[in-house]
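# Fold and geometry: a report
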Amino acid sequence: DAKTTQPPSMDCAEGRAANLPCNHSTISGNEYVYWYRQIHSQGPQYIIHGLKNNETNEMASLIITEDRKSSTLILPHATLRDTAVYYCIVRVTQGGSEKLVFGKGTKLTVNP
Amino acid sequence: ETGVTQSPTHLIKTRGQQVTLRCSSQSGHNTVSWYQQALGQGPQFIFQYYREEENGRGNFPPRFSGLQFPNYSSELNVNALELDDSALYLCASSSGLANYGYTFGSGTRLTVV
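All of the points below concern the structure found in this document. (Residues numbered from 1 in each chain as written. Chains lettered and ligands numbered in written order. Predicted model: local features only at pLDDT ≥ 70, side-chain atom pairs only at ≥ 80, totals over all residues. Heavy atoms only, no water.)

Once that is clear, we can look at the environment of Val 101 of chain A. For Val 101 of chain A, the position within the fold is in strand S9 (residues 97–102). With eleven residues separating them along the chain, Val 101 of chain A and Val 90 of chain A place their C-alpha atoms 5.4 Å apart. (Helix = DSSP H or I, 4+ residues; strand = E, 2+ residues; numbered from the N terminus.)

Let us look at the interface of chain A and chain B. At the interface, 19 residues of chain A touch 20 residues of chain B. The three residues of chain A that bury the most area against chain B are Glu 98, Leu 100 and Phe 102 of chain A, which together make up 25% of that side's buried surface. Here chain A and chain B share zero salt bridges between them. Taken together, chain A and chain B are joined by six residue pairs in polar contact (both at pLDDT 80 or more). Counting residues per element, the ones that place at least two in the side of chain A that touches chain B are strand S3 (32–38), strand S4 (45–50), strand S8 (84–94) and S9 of chain A. Of the residues forming the side of chain A that touches chain B, the biggest block, five residues, is contributed by S9 of chain A. For the side of chain A that touches chain B, a count of residues per class yields eight nonpolar, eight polar and three charged. (Contact = heavy atoms within 4.5 Å. Buried area = accessible area lost by both parts, 1.4 Å probe. Salt bridge = Lys/Arg side-chain N within 4 Å of Asp/Glu carboxyl O. Polar contact = N/O pair within 3.5 Å; in protein donor to acceptor, adjacent residues only side chain to side chain. Nonpolar A, V, L, I, M, F, W, Y, C, P; charged D, E, K, R; others polar.)

As a further point, take the layout of surface pockets. Residues and elements named next belong to chain A. There is about 350 Å³ of room inside the largest pocket. Lining the largest pocket are 20 residues; nearest its centre among them are Gln 38, Ile 39, His 40, Ser 41 and Val 85. Elements represented by at least two residues in the lining of the largest pocket include exactly S8 and strand S10 (106–111). In terms of residue count, S8 provides more of the lining of the largest pocket than any other element does, three residues in total. Here the lining of the largest pocket is built from residues that sort into eight nonpolar, nine polar and three charged. (1 Å grid on protein atoms, 1.4 Å probe; cavity = no way out; pocket = protein on both sides within 12 Å on 5 of 7 lines; lining within 4 Å. Points joined across faces, edges and corners; volume = space filled by probe spheres on them.)

Okay, the sheet that holds strand S6 (residues 61–64) of chain A next. Reading across the sheet, the four strands line up as S2-S7-S6-S5 (chain A) and stay open at both edges, with antiparallel pairing between neighbours. Among the strands making up the open sheet, the edge pair consists of strand S2 (18–23) and strand S5 (55–56) of chain A. (Pairing = 2+ DSSP bridges.)

For the rest of this paragraph, the subject is the nonpolar core. For soluble globular proteins, the rule of thumb is that nonpolar side chains tend to be buried together. Membership of the largest hydrophobic core comes to 23 residues, with the highest contact counts inside it found for Trp 35, Leu 73, Tyr 86 and Leu 108 of chain A. Residue assignment for this core shows that the elements contributing at least two residues are S2, S3, S4, S6, strand S7 (70–75), S8 and S10 of chain A. In terms of residues, this core owes the most to one element, S8 of chain A, which gives five residues. Among the nonpolar cores identified, the runner-up in size contains 19 residues, and Val 19, Val 32, Trp 34 and Tyr 89 of chain B belong to it. (Core = buried A, V, L, I, M, F, W, Y, C linked by side-chain atoms within 4.5 Å. Buried < 20%, exposed > 50% of the residue type's maximum accessible area, 1.4 Å probe, protein only.)

Below, the structure is given as structure tokens:
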């Protein structure tokens, strides 16, 4: 029941902005979009999440389209340590519980 | 503020055996979820625990079971291990509030031989 589609890989130059796209055309009105990243099979690290408004924190910005069918994660100044697999996720509510539905992720490589 | 702690970090079991994985949730978090991540794949939801009861389950057979304790820590039990159960098992805790994030542990790498 994957609800997100991402490019399998992307490259970015160190110091430049990395823009990672995600399609979630079947998202429901109350389902949040989350972004996590994972380095070398460690636990996923939280980046940012949002419902319909654009969000910004110290790590990244999240731009969600008005129809909520897609979003973009922006890392404003990528560093070598940002090399990781980035997951765009939809939080689905079922009954009294919620679950994160992961896609296959984008492998981002930041090059010097 | 402590994060999510999982133990053990690595484990090797034989097909047919049983295994118990443990998770200590982040301070202040009362909800725990477990995920299975096969090599090269995104994590897949196994189940969620809230107030010591399972309140959501993914597409996993009954031989995957769990517990949550009064201190919100949790266990994942897998019976009759199969080779395909080899994976990274991740625990995530959350506060259960409307607009919240999930904190993941570093996972337990289970290898079934």
